[in-house]
Amino acid sequence: MLRSLMLSALLLPAFAAASGRPQYRAVFDAATKSMRVRACLGEAHARVEFAADSSWAKRFVTDVARGDGHPLADEDDGWSARDWRAGECLSWRADLAAIAAQDKSDVGWRMGEDIVVAPQLWLLRPDVQGDDARIHVELPGGWSISAPWPEIPPPSSAPAGPGKPPSAAAYSRDFVIPQTPADWSAAVAFGHFEEKRIELPGGVLRLAILGGVDAEQRGKLDRWFGRVARAVLGAYGRLPLADVQVLMLPVATRTHGQAVVFGQSVRGQGNALQLLIDPGRPEAEFDDDWMAVHELSHLMHPYLGDRGSWLAEGLATYYQNVLRARGGLLTAAQGWDRLAEGFRRGAAAKSDGTLEQTAANMQRTHAYQRVYWAGAAFWLTVDRDLRRESGGKVGLDTALSRFRDCCLPAYRAWRPEDFVARLDALAGTTLIGARYRQFAAMRGFPDWKAVYADLGIGEAGGRLRFDDTARDAAIRETIMRPR
């Protein structure tokens, strides 16, 4: 423990010397489930205001004080200080137990002995921050942390590192906190779980299963998610992002009757996936699930806002079937059949506006079927067009792989037209933008049957039939071919 604290003392000055970005030191108290936090700024300022990203935070933050004892002004959403000196620090206490007791999405909740809290409710951010922050977190033995923040690897001589902490010794971890918009959600978990690192080409998925699942259930979930993660490599051979938090949250699903109840991609202060699962369901039901691949596919694009949600959800919906087929979780025929079933549901959904208008209002009107599946039809059409135009040399995978290299991770929102224009430039074409304008203005559902006919996919006797002599039959085979 002494060695760990000495290393911590050495690391913090090195952080501070690196730049003027905020430096946090957070010490977790297991007995009270609270956090003592100190934030230091390397530069002097005439005035600084510290506030959390949520106005709720003031009910959970106490004992706020300047390091030099000078007064603080209590503002509506935070605290302000004048004549801030270079290297000065602000300290406070955050009641994480009270945050978790709210039992609300995007705020905090309990999972057995583990707690999940939104960092926007306990990390005060200075209004002079112009760059990513750094945080040094100290934890007691037996406690783990899972955060969306990319980790700074410990020195090779450090006594503890990522994953399962030692049973008794205190330890620490260091992270970068990306500067993302204040209204982007995030979750940090503390508890007695193990964080498993799934290292694959292009990055690592840091998997934490909360709620105290037993060893048998843990093994089943580890195996399943490993298969899912490898399936995503079928897009372009690498993970879309270098560092991603994955939280599995056990729930009882007697009323739902499914292995994965809900999933979402979360982008605040980094990148994360959250999956609500029933660990008691059979392993075969997990393998039949599409949500995990859907959410992992969201890592391939930036946040596109409500107006671009048909692009974002359409991409994930298209790939949830294509990548499972490529990864051996579905056959090629099943992949095309699942897409066809979805297109039929989307075509049956009622909507009076254009696709872009419907997407912008989706959270109010719940027109999910049309938005998701019209978006999937767009990406299928684009994928077909790219492969046809290039003679099979360039497809959607190629454009997204190049986007990964130039533009991810993305810690700001992109306009949908800018995302499409960048893909066009990376693929050396103009067809994606042309299709984007066509689909965005559509009031009816796209003619997916015409695309299927070009691919040599028809229907007879309630089953799909495949014609190898069709114009785009080779493209059909390539899209779903196992990788």
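## Looking at the overall build of the protein chain
Right, so step 1: When helices and strands are tallied, the protein chain shows 15 helices and 22 strands.
Right, so step 2: Relative to the 2.2 N^0.38 estimate, which gives 23 Å for 483 residues, the radius of gyration of the protein chain is 24 Å and therefore close to what a compact globule would have.
Right, so step 3: Counting only C-alpha atoms and orienting by the principal axes, one finds that the protein chain spans roughly 80 × 50 × 40 Å.
Right, so step 4: A buried classification covers 54% of the 483 residues belonging to the protein chain.
Right, so step 5: When the accessible surface of the protein chain is summed, it comes to about 19,900 Å², and 50% of that surface belongs to carbon and sulfur atoms.
Right, so step 6: Computed over 59 positive and 59 negative side-chain charges, the inter-centroid distance for the protein chain is 3 Å.

## Some details on the packing of helix H12 (residues 416–427) against helix H13 (residues 431–440)
Right, so step 1: One can describe the packing of H12 onto H13 by two numbers: an axis separation of 7 Å at closest approach and a directional angle of 150 degrees. Comparing their axes, H13 and H12 come out roughly antiparallel. For the pair H12 and H13, contact is made by Pro-416, Glu-417, Val-420, Leu-423 and Asp-424 and by Leu-431, Ile-432, Gly-433 and Tyr-436, respectively.

## Here's the deal with the pairing of strand S2 (residues 34–40)
Right, so step 1: Where burial is concerned, most of S2 is hidden: five out of the seven residues are buried.
Right, so step 2: By the bridge criterion, seven bridges tie strand S1 (residues 23–29) to S2 in an arrangement that is antiparallel. From the neighbouring strand, Gln-23 faces S2, where its bridge partner is Cys-40.
Right, so step 3: Alignment of S2 against strand S7 (residues 89–95), held across seven bridges, turns out to be antiparallel. Residue pairing in the sheet places Cys-40 in a bridge with Cys-89 of S7.

## Topic: the pairing of strand S15 (residues 188–191)
Right, so step 1: Residues Val-188 and Phe-190 of S15 are buried on one face, and the alternating residues Ala-189 and Gly-191, pointing to the opposite face, are buried as well.
Right, so step 2: Here three bridges tie strand S9 (residues 114–117) to S15, and the two strands are oriented antiparallel to one another. Each bridged residue has a counterpart across the sheet, and for Val-117 the counterpart in S15 is Val-188.
Right, so step 3: Judged from the three bridges that link them, strand S12 (residues 144–146) and S15 form a sheet pairing that is antiparallel.

## Here's the deal with the side chain of His-298
Right, so step 1: Within the element layout of this structure, His-298 appears in the loop between helix H5 (291–297) and helix H6 (309–326).
Right, so step 2: Within the structure, His-298 has its side chain in polar contact with the side chain of Glu-313 (distance 3.0 Å).
Right, so step 3: Setting aside residues no more than four positions away along its own chain, His-298 makes contact with Ser-265, Arg-267, Ala-312, Glu-313 and Ala-316.

## A closer look at unusual backbone geometry
Right, so step 1: Residue Pro-409 follows Leu-408 across a cis peptide bond; omega there is 0 degrees.
Right, so step 2: Located in the positive-phi region is Asp-83, a residue other than glycine, with phi close to 55 degrees.
Right, so step 3: Its place among the elements puts Asp-83 in strand S6 (residues 78–84).
Right, so step 4: By relative accessible area, which is 60% here, Asp-83 ends up exposed.
Right, so step 5: Unusually for a residue other than glycine, Asp-103 sits at a positive phi of about 50 degrees.
Right, so step 6: As for its placement among the helices and strands, Asp-103 is situated in the loop between helix H2 (96–100) and strand S8 (108–111).

## So, the sheet that holds strand S16 (residues 195–200)
To summarise the sheet geometry, strands pair through backbone hydrogen bonds and adopt either a parallel or an antiparallel arrangement.
Right, so step 1: Taken in spatial order, the five strands line up as S16-S17-S18-S20-S19 in an open sheet, and their pairing is mixed. Of all the strands in the sheet, just S16 and strand S19 (260–266) have a single pairing partner and so form its edges. Sheet twist, expressed as the average angle between the axes of neighbouring strands with direction ignored, equals 20 degrees.
Right, so step 2: In this sheet, strand S17 (residues 203–209) lies alongside S16 in antiparallel orientation, the contact comprising six bridges. For Glu-195, the partnering residue across the bridge sits in S17 and is Ala-208.
Right, so step 3: The strands that helix H3 (residues 215–232) touches are S16, S17, strand S18 (243–250), S19 and strand S20 (272–277); relative to S17, the one it contacts most, it runs at about 155 degrees.

## Some thoughts on the nonpolar core
Right, so step 1: The biggest cluster of nonpolar side chains holds 89 residues, and the ones touching the most others in it are Trp-224, Phe-225, Trp-310, Trp-336, Phe-343 and Trp-379.
Right, so step 2: Examining the composition of this core, we find that ten residues originate from one element, helix H10 (residues 368–390), more than from any other.
Right, so step 3: Beyond its immediate sequence surroundings of up to four residues, Trp-224 is in contact with Met-248, Val-260, Leu-275, Phe-286, Asp-287, Asp-289 and Ala-292.
Right, so step 4: Phe-50, Ala-118, Leu-123 and Leu-124 belong to the second largest nonpolar core, which has 44 residues in total.

## Here's the deal with the sheet that holds strand S5 (residues 73–74)
Right, so step 1: Spatially, S5-S6-S3-S10 is the arrangement adopted by the four strands of the open sheet, whose pairing is antiparallel. Strands at the two margins of the open sheet, each flanked by one partner only, are S5 and strand S10 (125–126).

## Observations regarding the state of the cysteines
Right, so step 1: Under the counting rule described, the total for this entry stands at two disulfides.
Right, so step 2: Between the sulfur atoms of Cys-40 and its disulfide mate Cys-89 the distance is 1.9 Å. Judged by the sign of its S-S torsion, about 100 degrees, the bond between Cys-40 and Cys-89 is right-handed. Note that Cys-40 is positioned in strand S2 and Cys-89 in strand S7, a separation of 49 residues in sequence.
Right, so step 3: We classify Cys-40 as buried; its relative accessible area is 15%.
Right, so step 4: On the accessibility criterion, Cys-89 (16% relative accessible area) is buried.
Right, so step 5: The disulfide partner of Cys-406 is Cys-407, and the S-S distance across this bridge is 2.2 Å. Handedness here is read from the sign of the S-S torsion; for Cys-406 and Cys-407, about -90 degrees, the answer is left-handed.
Right, so step 6: The connectivity of the disulfides in the protein chain is 1-2, 3-4, where the numbers refer to bonded cysteines in sequence order.

## Comments concerning the environment of Ala-360
Right, so step 1: Among the secondary structure elements, Ala-360 is positioned in helix H8 (residues 355–360).
Right, so step 2: For Ala-360 and Ala-427, which are 67 residues apart along the polypeptide, the C-alpha to C-alpha distance reads 27 Å.

Rules used throughout
Numbering of residues starts from 1 in every chain and runs along the sequence as written. Only residues with pLDDT of at least 70 get local features here, since the model is predicted, and only at 80 or more are side-chain atom pairs given and counted; chain-wide, interface and lining totals rely on the full set of residues. Side-chain measures here rest on the full set of heavy atoms in the structure, leaving out hydrogens and waters. Numbering goes from the N terminus for both helices and strands, where a helix is a DSSP run of H or I of at least four residues and a strand is a run of E of at least two. As defined in this context, the radius of gyration uses C-alpha atoms, and a globule is described by 2.2 Å times the residue total to the power 0.38. Burial classes follow relative accessibility: with a 1.4 Å probe on protein chains only, a residue under 20% of its type's maximum area counts as buried, one over 50% as exposed, and anything between as partly exposed. Only the protein chains shown count as covering a residue, and every accessible area follows the Shrake-Rupley method with a 1.4 Å probe. Charged-residue counts in this description rest on Lys and Arg as positive and Asp and Glu as negative, His and the chain ends being excluded. Where a charge lies is defined by one atom per residue type, namely NZ (Lys), CZ (Arg), CG (Asp) and CD (Glu). Note on method: axes are straight lines fitted to C-alpha atoms, helices fitted across the in-contact stretch only, with angles between N-to-C directions ranging 0 to 180 degrees. Orientation labels follow simple angle bins: below 35 degrees gives roughly parallel, above 145 gives roughly antiparallel, 65 to 115 gives roughly perpendicular, and whatever is left gives oblique. Residue contacts follow a heavy-atom distance rule, with two residues in contact if any of their heavy atoms lie within 4.5 Å. One bridge is not enough; two strands pair if DSSP finds at least two bridges between them. Any pair of nitrogen or oxygen atoms within 3.5 Å is treated as a polar contact; in protein, a donor-acceptor pairing is required on top of that, and neighbouring residues in sequence qualify only through side-chain atoms on both sides. Put simply, buried Ala, Val, Leu, Ile, Met, Phe, Trp, Tyr and Cys residues joined by side-chain atoms within 4.5 Å make one nonpolar core. Working definition: a disulfide is two cysteine sulfur atoms within 2.5 Å of each other.

All we've got here are geometric facts, nothing functional implied.
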